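A structural walkthrough
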Number of protein chains: 2
Amino acid sequence: MDVARREVSEAGTPVACRSCQARHGVVCGALSSSQLRELGRHSLRRKIDAGSEIVAQGSESSFYSNIMRGVVKLCKVMPDGRQQIVGLQFAPDFVGRPFMRESTLSAEAATDAEICVFPRNLLDRMILETPKLQRSLHGQALKELDAAREWMLTLGRRTAEEKVASLLYLIATHAEPETATSTAFDLPLSRTEIADFLGLTIETVSRQLTRLRKSGVIRIENIRHIVVPDMDELEKKISA
Amino acid sequence: MDVARREVSEAGTPVACRSCQARHGVVCGALSSSQLRELGRHSLRRKIDAGSEIVAQGSESSFYSNIMRGVVKLCKVMPDGRQQIVGLQFAPDFVGRPFMRESTLSAEAATDAEICVFPRNLLDRMILETPKLQRSLHGQALKELDAAREWMLTLGRRTAEEKVASLLYLIATHAEPETATSTAFDLPLSRTEIADFLGLTIETVSRQLTRLRKSGVIRIENIRHIVVPDMDELEKKISA
DNA sequence: CTTGCGATTTGATCCAGATCAACTGTCCGT
DNA sequence: ACGGACAGTTGATCTGGATCAAATCGCAAG
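Residues numbered from 1 in each chain as written. Chains lettered and ligands numbered in written order. Predicted model: local features only at pLDDT ≥ 70, side-chain atom pairs only at ≥ 80, totals over all residues. Heavy atoms only, no water.

Before going further, it helps to spend a moment on the interface of chain A and chain B. Taken together, the 46 residues of chain A in the interface contact 45 residues of chain B. Overall, the association of chain A and chain B removes approximately 4100 Å² of surface from exposure, summing both partners, and the carbon and sulfur fraction of that is 61%. Three residues, R149, M152 and R157 of chain A, lead the burial of chain A against chain B; their summed loss comes to 20% of the area buried on that side. Connecting chain A to chain B are ten salt bridges. Notably, a salt bridge pairs R97 of chain A with D146 of chain B, separated by 2.7 Å at the nearest N-O pair. Counting the contacts that link chain A with chain B gives 22 residue pairs in polar contact (both at pLDDT 80 or more). The set of elements that each furnish at least two residues to the side of chain A that touches chain B consists of β4 (71-77), β5 (83-90), α4 (131-157) and α6 (191-198) of chain A. The leading source of residues in the side of chain A that touches chain B is α4 of chain A, at 20 residues. Across the side of chain A that touches chain B, the residue classes break down as 24 nonpolar, nine polar and 13 charged. (Contact = heavy atoms within 4.5 Å. Buried area = accessible area lost by both parts, 1.4 Å probe. Salt bridge = Lys/Arg side-chain N within 4 Å of Asp/Glu carboxyl O. Polar contact = N/O pair within 3.5 Å; in protein donor to acceptor, adjacent residues only side chain to side chain. Helix = DSSP H or I, 4+ residues; strand = E, 2+ residues; numbered from the N terminus. Nonpolar A, V, L, I, M, F, W, Y, C, P; charged D, E, K, R; others polar.)

Written out as structure tokens, the structure reads:
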């Protein structure tokens, strides 16, 4: 038994995979102690710089991960370069597409992040053996599906101002308490990324942001930090 | 044993739920004979007219269904009436949202359809008891998630012409062989529904359709029937 | 402190798609 | 055959957001 693992067990915390340790994600929470130990033996905690790719679109990835800290964006790009962010993931979400070899999208760290990486083969086997894990991942897939469909409404039918308000609301709601209260938070995305998430250009994102600022719904403390004095006012801007 | 069920067993086909019979969906294919018999005892085959609602947005539905025939559209509507279709489902897809009481979207028959309806409680129990079923539904959820994200790219980044071409391609690819070859098919959606799926107005849908017709990519045999002489040409219009 | 460079904001103009308004089927029921 | 009610098409015009073009900000390197 190596040092890192012994430390965890001896500390009295539940035996966890070596790299996730106490911070259980969608995966670790559904495993038995022995599975956790086995997964831990083959997993690796990795720091990822903002902007670097975790999985490339069209590639065959041989691993899955759990987000331990930070924000991950899921992107699709067209051959001519047009880009659409199709999802944001926060700790402790699972990143990967079970039951499919090739990824149809890329996963990229939006902020500096830490992820727990484990081998695809091993987890695929565990999913088959562990109904509770299957259930857990099924649950996350359904949650992501709900979010994707909600965003389809935003993309297809909301105005630019409503789109920007929707994004701010999403971030305010999902950002980690460490970096945010419900009324102030750091934007994990650049203006370009916001535009690619909302199906807009950076110019209209910028304009709508100053519009919301001038109407008193938000304060822009600095380029990445937003204060929302009254969440109800923000919610009204979404008109839903 | 009632007549309908005896007929099925005696015909030598695998014992199936009474109403689905030989046409197994995502659910029936994953159950044991005895489960199939139990589910069959509590399920009901229903004919649904085009346009009528299967599940209402915001309601607590006490049943799930399997599509046996026809096309079902999943809709979201905003308080002011703006509407977005967030998915199309074809036989033998499963309709419902496991693990959640209240539906965040409505499911409505786009064409005349037949569905196999079964009680929520019973299926929820079976999911818990039957890893294979969980796996099957997990698979469908992931498939829908992929489709939703692909459509997010369409909604956010494609032009009106590309959107309409994307829709035609989707229908050509998914329509049932009975009503379609790869190059000719019936549209399961009205112009209004197409507009609500693509985030456009009916007028631009109509204009882009005649544009595609005039450029020779499609023929409009009648308002609901499309012929695609060369699928590659259609695919080019999607630019992806 | 200055310079340089990428990110953001702001301004001026353009245009794809929305809106408004006829017009044309098509399919009823009488 | 006729009329009326929809569903779809086509045309004219308008506009929200895109595009093009400068500022301005922020910040790291010298």
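For the rest of this paragraph, the subject is the sheet that holds strand β1 (residues 44-48) of chain A. Residues and elements named next belong to chain A. Ordered by their spatial adjacency, four strands build an open sheet running β1-β8-β3-β6, and the pairing between neighbours is antiparallel. Strands at the two margins of the open sheet, each flanked by one partner only, are β1 and β6 (94-95). Sheet topology places strand β3 (residues 63-69) next to strand β8 (residues 113-119); six bridges connect them, and they run antiparallel. Bridged to S65 within β8 is V117. (Pairing = 2+ DSSP bridges.)

All names here are of chain B. Read from one edge to the other, the open sheet built from four strands follows the order β1-β8-β3-β6, with strand pairing classed as antiparallel. Across the chains shown, the open sheet's two edge strands, defined by having one partner strand only, are β1 (44-48) and β6 (94-95). Looking at chain direction, β1 and strand β8 (residues 113-119) are connected through five bridges and run antiparallel. Pairing of K47 across the sheet is with E114, part of β8. Seen against the sheet, helix α3 (residues 120-129) touches β3 (63-69), β6 and β8 and runs at an angle of roughly 75° to β8. (Axes fitted to C-alpha atoms, helices over the stretch in contact; angles between N-to-C directions.)

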